[in-house]
Amino acid sequence: MAHVVWLDEVGKNDLSIVGGKGASLGEMIKIGIPVPGGFAVTAQAFRDFINRSGIAQELFSALKVDVNDQTQLQLAEDKAKKLIMEAKVPINIEKEIKSRYKELCDREGEIFVAVRSSATAEDLPDASFAGQQETYLNIKGTEAVFNSIKKCWASLYGARAIFYRVEQGFEHEKVNLSAIVQKMVDSEKAGVIFSSQPSTGEPLVVIEGAWGLGESVVSGSVSPDNYEFDRNSRKITHRMIATKEIMVIRDPKTTKTVTVPVPPEKKEAVVLMDNEIVDLARYAEILEKHYGNPQDIEWSIEKGKIYILQSRPITTISKEKKLAEEETEGKVLITGSGASPGVATGVVRIIKGKADLDKIKQGDILVTVMTMPDMVPGMRRAGAIVTNEGGMACHAAIVSRELGCPAVVGTKKATSVLRDGMTITVDGSRGIVYEGHVGLESKTTAAAVGSIAAGVVSKIITATEIKVNISEPLRAQVAAATLADGVGLLRIEHMMLGLGKTPNWYIKNGKTEEYVDELVKGIKTVAEAFYPKPVWVRTLDAPTDEFRAMEGGENEPIEHNPMLGWRGIRRDLTETDHFRLEIRAFKKLHETGLTNVGIMLPMVQHVKELQRAKELIRDENFDLEKIELGIMIETPGAALTIEDFIEEGLDFVSFGTNDLTQYTLAVDRNNENVASLYSEFHPAIIKLIEYVVKRCDKAGVKTSICGQAGSYPEMAKRLVEMGITSISANIDAVATVRETVAREEKILMLRRIRENEV
Ligand code: PEP
Ligand code: MG
């Protein structure tokens, strides 16, 4: 059997020769899709290499380990990869590969290539091993290409791949690998296409695109532009232009693949022209028709020419159906509070601190005592999150909901019961963690957020404004796509803690301008996405324990109860240097025209705090007439003295029910032992809210809610009845809250009409 074949010599039935990816590329070439040219080193070449190099026995016995033991698994990977990299490739195979690469260069010119893995199982050639082996981009030169092919072969024995095969019952000896060598598209823009709407299956082509190589879109590290093409009306029905912060490119000097910031003039620029959208949609339709089911396609464009890099069936549409049909059966390992809905299966990674974050690969399950803001980069990659501590309003819960990532918090013992490397299924709706893969029906938050990103939102007009909460500026576009009436809470802690240094570090090191600029940058992304709708930015509210892990946080006081400690406005009013910097940032934003930015003060408990904050704002020559200023109602103290605040003068109040609940009921929101006592529906909380709404309403002060309770339809209903001005919900809850509010408003109107008729 041949060791090397051209891609245009193979087709969809050649899975056992060139694996799924190779067969699909060959098939696309056959039907006239523009696929970059290249060849495949066949599965047979790999098999011959293993057998004839004499490493087979040693290799396969090295793989016989307990795959749930991370140390053993890692040793198996190291040994297997070393064996492959050091083994001599039979000379005829080496010659065939090298001469084929030379022929490719003769055909295409001195080109860079991508070397990709395409795995196949002997008895189940169409088994999917997607994403488990490596890809090497921008490779040039005979030796480098040959070496990358060996690296692809070795990647068949990565820890994750070994683990997966054992879990799925595949024999290592029967899994082969074809290496695909393809002309590298030096793409100016790239992304993915779904030939049908990925969550509903509607005939809408959904296209995502960003600058540079498609890796940034596929890995989710950039917010891409989003376009929709209606296959019935043949029209482009939706365009959402994202702020694209980074791109992956070939460095013109080193020729290495690097991630760089997007040049300022391209950040907000439209990636795809209308004719390109229409052309991409056409290819998507051809592929869906040819394969007989909706396709998930990778595309890229170089010098105006479209290339299709991959096409595979969309799994989400059929998977949801399949999951629903499967039985919900599995061993329950632990339970906790279902803090962010959705279901995910993945491999456990126990995280002790920021230093471990690299362990988390896309889709892994992040397991930790309690998440910290500096863990957010890892949380973005996680398929689900499980914590020992915390309740519905803890950090892990808030961030997970915003990221659309299923989460179970407050399990008490996740880090001791779960082991690194084991596969679990997390049901974030019911708060259950199962052993292994368990089929569960789920309408995930991720799907909800995904459809928001895809622009599937209809806006019902409500008298009560429906706003959205944001912590991560990267989510600004997705949040804006909910068509929310503004941002009711922009938490700046996460963007600031993401810098890794405390505000004091910047102040002590004379880098105050840099700090102000960082604040301006993060807030600007959100304020621009929503302009002219109001964006209420909350001044810093980080407890001392969160600062301690950061550079500059060494001398943070150790507090017995940081939740009741030196945070929010009380800290800013003693560290006025810092508060002044925040005001300077707000002022700068207003000066650049972003007058929709308002200021919200957290943890206020006495009117003196509002008075002092106003003095400092005036002191910075920021005209209070020009800015919306409000306080959060998070302490019973502030709620019960609301008249004093009204008299002092303010534009709005917003209920921070996460804290208001813990302070009213004396229930630590992060303490799983008392989580069952934590309820925003406690009559005392409802009374406090009503007390404040009534008085503010009379005085013409706006009222809002930005605590988690605002995302609960039942609470939304009650708030509408009370007469709240706006409700700010989590991204995934905006649509439901809007519907609930619309219905409740109609009910109230009908009731009034009927009462008048009697
Ligand atoms: C709250 O307390 O309800 C709130 C929104 O603030 P945080 O959750 O950030 O404390
Ligand atoms: Mg709070």
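See above for the structure.
What comes next is a walk through the structure. Per chain, residues are indexed from 1 in the order of the written sequence. Labels follow written order: the first chain is A, the first ligand is 1, and so on. In view of the model being predicted, local features appear only for residues whose pLDDT reaches at least 70, and side-chain atom pairs are presented and counted only at 80 or more, with totals across whole chains, interfaces and linings using the full set of residues. To get the side-chain values, take all heavy atoms of the structure and skip hydrogens and water.

For the rest of this paragraph, the subject is the coordination of the magnesium ion (ligand 2). Protein coordination at the magnesium ion (ligand 2) comes from E634 (OE) and D659 (OD), with a distance range of 2.0 Å. Of this pair, E634 sits in the loop between β26 (629-633) and α24 (636-640) while D659 sits in helix α26 (residues 657-665), and the two are 25 residues apart along the sequence. Comparing E634 with D659 shows no difference in burial state: the two are buried. Coordinating donors are taken as N, O and S atoms within 2.8 Å of the metal, stretched to 3.2 Å for Na, K and Ca; because water is absent from the atoms, sites can appear incomplete. Each helix corresponds to a stretch of at least 4 residues labelled H or I by DSSP, and each strand to a stretch of at least 2 residues labelled E; elements are numbered beginning at the N terminus. Burial classification: accessible surface area is computed with a 1.4 Å probe over protein chains only, and a residue below 20% of its type maximum counts as buried, one above 50% as exposed, and the rest as partly exposed.

In this section: the nonpolar core. Within soluble globular proteins, side chains that are nonpolar generally end up buried alongside one another. Take the buried Ala, Val, Leu, Ile, Met, Phe, Trp, Tyr and Cys residues and link them wherever side-chain atoms come within 4.5 Å; each set so joined is a nonpolar core. Grouped together as the largest cluster of nonpolar side chains are 88 residues, with contacts concentrated most on F530 and L601. Per-element accounting of this core gives the leading share, 8 residues, to helix α19 (residues 512-530). With sequence-adjacent residues up to four places away left out, L601 is seen in contact with T539, I569, F579, L610, A613, L629, G630, I631 and M632. Core analysis: the next-biggest nonpolar cluster, separate from the first, contains 50 residues, F60, L83, A119 and V181 among them. Here a residue-residue contact requires only that any non-hydrogen atoms of the pair lie within 4.5 Å.

On to the packing of α26 against helix α27 (residues 683-699). It is the contact of α26 with α27, at a shortest axis distance of 10 Å, that shows an interaxial angle of 120°. As the angle between them shows, α26 and α27 are arranged oblique. The way α26 lies across α27 gives a crossing that is right-handed. Between α26, through T657, L660, T661, T664 and L665, and α27, the contact on the second element is made entirely by A684, I685, L688 and I689. Under the grouping applied here, Gly and all other residues not named as nonpolar or charged are polar, the nonpolar ones being Ala, Val, Leu, Ile, Met, Phe, Trp, Tyr, Cys and Pro and the charged ones Asp, Glu, Lys and Arg. Partitioning the contact of α26 with α27 into residue classes produces 6 nonpolar, 3 polar and no charged. Lines are fitted to the C-alpha atoms to define the axes, a helix being fitted only along its stretch in contact, and any angle between axes, read from their N-to-C directions, falls within 0 to 180 degrees. Orientation labels follow simple angle bins: below 35 degrees gives roughly parallel, above 145 gives roughly antiparallel, 65 to 115 gives roughly perpendicular, and whatever is left gives oblique. Rotating anticlockwise by less than a right angle from the far helix to the near helix defines a left-handed crossing, while the corresponding clockwise rotation defines a right-handed one.

Moving on to the state of the cysteines. Disulfides are defined as cysteine sulfur pairs within 2.5 Å. Summed over the entire model, instances satisfying the criterion amount to 0 disulfides. C105 supplies the cysteine sulfur nearest to C152, a cysteine that is in no disulfide, at a spacing of 17 Å. Counting only cysteine sulfurs, C706 is the nearest neighbor of C696, a cysteine outside any disulfide, at a range of 14 Å. Among the residues examined, C696 registers a relative accessible area of 0% and is labelled buried.

As a further point, take the side chain of S148. Looking at where S148 falls in the secondary structure, it is placed in helix α6 (residues 142-155). Using a relative accessible area of 3% as the deciding quantity, one classes S148 as buried. Discounting residues that sit within four places of it in the chain, S148 has contacts with V115, Y136 and I139.

We now examine the packing of aromatic side chains. Note on ring pairs: Phe, Tyr and Trp rings are taken, using the six-membered ring of Trp, and paired if centres are within 6.5 Å. Classes follow the plane angle, with under 30 degrees stacked, over 60 edge-to-face and the rest tilted. By the definition in use, this model includes 7 aromatic pairs. Relative to W153, the ring of F49 has its centre 4.7 Å away and its plane inclined at 25°; by these criteria the two rings are stacked. Pair noted here: F49 is in helix α2 (residues 43-52) and W153 is in helix α6, with a separation of 104 residues, a long-range link. Here F49 falls in the buried class, since its relative accessible area comes to 0%. Aromatic pair F681 and Y712: ring centres 6.4 Å apart, planes at 25°, arrangement stacked. Taken together, the positions of F681 in the loop between α26 and α27 and Y712 in the loop between β28 (702-705) and α28 (713-722) put the pair 31 residues apart, joining distant regions of the chain. By the ring-pair criterion, three or more aromatic residues cluster together here, those being F46, F49 and W153.

A patch consists of residues exposed above 30% relative accessible area that lack any salt bridge, with like charges linked at up to 9 Å and nonpolar side chains (Val, Leu, Ile, Met, Phe, Trp, Tyr) linked at up to 5 Å. Note on areas: these come from Shrake-Rupley sampling with a 1.4 Å probe, and a residue is covered only by the protein chains present in the view. Each salt bridge in this description consists of a side-chain nitrogen of Lys or Arg and a carboxyl oxygen of Asp or Glu lying within 4 Å of one another. Among the surface-exposed residues, M749, L750 and I753 lie close enough to one another that they form a single nonpolar patch of about 290 Å² accessible area. Within the element layout of this structure, L750 appears in helix α29 (residues 734-757). Accessibility expressed as a relative area gives 40% for L750, which makes it partly exposed.

Within helix α13 (residues 395-403), 9 of the 9 residues are buried, which leaves the element mostly enclosed by the surrounding structure. Within α13, burial applies to H395, A396, A397, I398, V399, S400, R401, E402 and L403. Positive backbone phi, approximately 70°, marks G404, located one or two places after α13.

Let us now look at the environment of V526. Structurally, V526 is set in helix α19. Taking the C-alpha atoms as reference, V526 lies 48 Å from N176; in sequence the two are 350 residues apart. Ignoring anything within four residues of it in the chain, the contact list for V526 reads I470, P473, A476, V487, L490 and V535.

Attention now moves to the packing of α28 against α29. Between α28 and α29, the least distance of the axes is 9 Å, while the angle of their chain directions is 40°. Taken together, the axes of α28 and α29 are oblique relative to one another. Note on packing geometry: the crossing formed by α28 with α29 is right-handed. In this structure, α28 contributes P713, A716, K717, V720 and E721 to the contact, and α29 contributes T736, V737, T740, V741, E744, E745 and L748. For the contact of α28 with α29, the residue count by class is 6 nonpolar, 2 polar and 4 charged.

This part is about the sheet that holds strand β27 (residues 652-655). What the 8 strands build is an open sheet, ordered β28-β27-β26-β25-β24-β23-β22-β29; its pairing is parallel. Looking at strand neighbours, the two that pair on one side only are β28 and β29 (726-729), the edges of this open sheet. Strand-to-strand, the axes of this sheet are offset by a mean angle of 30°, without reference to chain direction. In the packing of helix α22 (residues 576-591) onto the sheet, the strands contacted are β24 (535-538) and β25 (597-601), and the crossing angle to β25 comes to about 160°. Any two strands with at least two DSSP-identified bridges between them are counted as paired.

Turning next to the site of ligand 1. The near set for a molecule or strand comprises every residue that places at least one heavy atom within 4 Å of it. Surveying the vicinity of ligand 1 reveals 14 residues, the closest of which are R491, R538, G656, N658 and R669. What qualifies as a polar contact is a pair of N or O atoms within 3.5 Å, subject to a donor-acceptor requirement within protein and to the restriction that residues adjacent in sequence count only when both atoms come from side chains. The contact in question runs from an oxygen atom of ligand 1 to an N or O atom on the side chain of R538, over 2.8 Å. With respect to ligand 1, the backbone of N658 contributes an N or O atom lying 2.8 Å from an oxygen atom. Expressed as a share of its isolated accessible area of 290 Å², the protein-covered part of ligand 1 is 95%.

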